[in-house]
Amino acid sequence: MTNLFAKQISRIAIATITLTLALSANAQHIRRITTFATGAAVNGTAPDSIALSKDSVWISYTNGADSTGLSGSSTVVQYKLNGEILHTYSLAGYVDGLKLDPRTGLMWALQNQDGNSTLSLIHTKTHKVTGPIPYAVPSSTNGYDDVVFRGNEVFLSYTNPASPTDPVIQLLQNGSNPLAVTNILLAGATGTNLATGQPDQLTTDNDPDSLKLTPTGDLMLTSGDDGQLIFVEKPGRRDQSVS
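Because the structure is a prediction, the values reported are computed rather than measured.

What counts, and at which threshold
- Residues numbered from 1 in each chain as written.
- Predicted model: local features only at pLDDT ≥ 70, side-chain atom pairs only at ≥ 80, totals over all residues.
- Heavy atoms only, no water.
- Pairing = 2+ DSSP bridges.
- Helix = DSSP H or I, 4+ residues; strand = E, 2+ residues; numbered from the N terminus.
- Axes fitted to C-alpha atoms, helices over the stretch in contact; angles between N-to-C directions.
- Polar contact = N/O pair within 3.5 Å; in protein donor to acceptor, adjacent residues only side chain to side chain.
- Salt bridge = Lys/Arg side-chain N within 4 Å of Asp/Glu carboxyl O.
- Buried < 20%, exposed > 50% of the residue type's maximum accessible area, 1.4 Å probe, protein only.

**Student:** Outline the sheet that holds strand 5 (residues 95–100), listing residues and values.
**Tutor:** Within the open sheet, the 4 strands sit side by side as 5-6-7-8. Their pairing is antiparallel. Each end of this open sheet is capped by a strand with a single partner; those strands are strand 5 and strand 8 (129–134). Adjacent strand axes in the sheet meet at a mean angle of 20°, parallel and antiparallel pairs treated alike. Looking at chain direction, strand 6 (residues 106–111) and strand 7 (residues 118–123) are connected through 6 bridges and run antiparallel. What sits directly across from Ala109, in strand 7, is Ser120.

**Student:** Help me get a handle on the environment of Thr216, residues and values and all.
**Tutor:** Along the chain, Thr216 falls in the loop between strand 15 (208–213) and strand 16 (219–223). Residues Thr216 and Glu233 lie 17 residues apart in sequence; the distance between their C-alpha atoms is 8.8 Å. Looking at Thr216, its side chain comes within polar contact range of the side chain of Thr214, at 3.0 Å. At a separation of 3.4 Å, a polar atom in the side chain of Thr216 contacts the side chain of Asp218.

**Student:** Tell me about the pattern of salt bridges, and name the residues and values.
**Tutor:** Across all of its chains, the model carries 6 salt bridges by this definition. Notably, a salt bridge pairs Glu84 with Lys80, separated by 3.6 Å at the nearest N-O pair. Take Lys80: its relative accessible area is 33%, and that puts it in the partly exposed class. A salt bridge links Asp146 to Lys212, with the shortest nitrogen-to-oxygen separation between them at 3.5 Å. With a gap of 66 residues between them, Asp146 in strand 9 (residues 144–150) and Lys212 in strand 15 connect regions that are remote in the sequence. Residue classification places Asp146 among the buried residues on the basis of a relative accessible area of 8%. A relative accessible area of 35% means that Lys212 is categorised as partly exposed. Each of Lys99, Asp146 and Lys212 takes part in a single network of salt bridges with overlapping partners.

Here it is in structure tokens:
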């Protein structure tokens, strides 16, 4: 079995497991549901992103804030595993992405996914917040939705592409402030269709959303409106491949 073939089998397996879990969740009978937490204790509404750190669960309540950051604020809450509140943080705008950087222990809060994006860093030990940090090239109609930490590399999903040349995944330049990025994947990228095996097929990712790291080190981007999972192997390298 060639390495390329093995990679394709792995991606198909990941996609199949994802779909199977989704279908199984709909098919199975849920016997018991218990409430972990509500926003009432912090006057929070519209919960969105959930993240995990050591012995903690983090939830962002977006409180009706505007997704382009024009109004409102979000409440990020750190809970114990039993639902007890540990700390709360008020961040301007709509916190749609929340994820722990395993190297630094910082909780990344991505603000305003549909425009005027910024980033705030929550120091989980001191509870101080650094930010909001602006991006070097701001946009009023595009923004950042999710983040992946891959070794010392940081990848971001970029929203609302309007043309095939618009980026949907970008690589953050470490240490930059304002935050500078390099395009990794464009909306009009082509790749192998894992369902048919056909190469050079358009990805048509019109709604880039969640970005995840697979067990094989690939990036997996979800495109909600298109119902697609897009895999990027060796992201940012000359021999990068898409499927």
